[in-house]
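# Coordinate inspection notes
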Amino acid sequence: TTILPQGQLLTNLDTFSRSGDNIAFRGYFNNSSWNIGIYLWTPGSLGVIADTSTPVPGWTLPGDNTFRRLHYPTIDGENAAFLGRTPWPYVYRLYTNLGGSLQEVYDGYTGLTDQSLSGNTIVFTDTDNTAIYRADLINPPPHQERLEVNLPEPRSEERRGGEECRSRWSPH
């Protein structure tokens, strides 16, 4: 049985990231898929980075301003980054705890998938996996740049399948 820092019972965990002996993970509490947190375990200590009762940094719209969902923690040392879903209009943004407080790194509306944190730099992709971004987390607000990646045009399944069949069945 693990009691989380806010006094709740940890009932499930899934995604995690490791840096040395430190681990950032997403955990659920009180047997609810809506009670989610991103936690940092260091040897002998368990801390909360953010959970669904944490206010979204910089969120100023009226009403409840806490995170709705939290995903994909990544860690370097004790610095972590994760995706957090905002209150209405429910968009995912990238956040970090670099420097001891939460800050938004990227507010793209296309969504994000993978991210990797190293030192003061985070690299992440969009949901279409068509762009890679790099953000310097030291310069407030975080400076971000899109890295140009030339991807080949996708080939149709029919064409690819036809070539595979011909290569298997025709003598060359």
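Scroll up for the structure.
So, here's what we can say about the structure. (Residues numbered from 1 in each chain as written. Predicted model: local features only at pLDDT ≥ 70, side-chain atom pairs only at ≥ 80, totals over all residues. Heavy atoms only, no water.)

### Let's talk about the sheet that holds strand 2 (residues 22-29)
Condition: Think of it this way: DSSP has to see at least two bridges between two strands before they count as a pair. Numbering of helices and strands starts at the N terminus; helices are DSSP runs of H or I of at least 4 residues and strands are runs of E of at least 2. Between N-to-C directions, angles cover 0 to 180 degrees, with each direction set by a line fitted to C-alpha atoms, over the stretch in contact for helices.
Reading across the sheet, the 4 strands line up as 1-2-3-4 and stay open at both edges, with antiparallel pairing between neighbours. Of all strands in the sheet, those bounded by a partner on one side alone are strand 1 (10-19) and strand 4 (45-51). Direction aside, the axes of adjacent strands within the sheet are offset by 30 degrees on average. Direction of pairing for strand 3 (residues 36-42) relative to strand 4: antiparallel, over a ladder of 6 bridges. Pairing of Leu40 across the sheet is with Gly47, part of strand 4.

### Description of unusual backbone geometry
Formally: For every residue, the accessible area (1.4 Å probe, protein chains only) is compared with the maximum for its type, and the residue is labelled buried under 20%, exposed over 50%, or partly exposed between those bounds.
Unusually for a residue other than glycine, Asn31 sits at a positive phi of about 50 degrees. Relative to the helices and strands, Asn31 is located in the loop between strand 2 and strand 3. One non-glycine residue, Tyr72, lies in the positive phi region at around 50 degrees. Relative to the helices and strands, Tyr72 resides in strand 5 (residues 69-76). Exposure remark for Tyr72: the relative accessible area of 43% places this residue in the partly exposed category.

### Points about the nonpolar core
Rules: In these notes, a set of buried Ala, Val, Leu, Ile, Met, Phe, Trp, Tyr and Cys residues joined through side-chain atoms within 4.5 Å is what counts as a nonpolar core.
In this structure, Ile49, Phe67, Leu70 and Phe82 are the most contacted members of the largest nonpolar core, which totals 15 residues. Those elements that provide at least two residues to this core are strand 2, strand 3, strand 4, strand 5 and strand 6 (79-85). Per-element accounting of this core gives the leading share, 3 residues, to strand 3. Core analysis: the next-biggest nonpolar cluster, separate from the first, contains 13 residues, Val105, Tyr106, Phe124 and Tyr133 among them.

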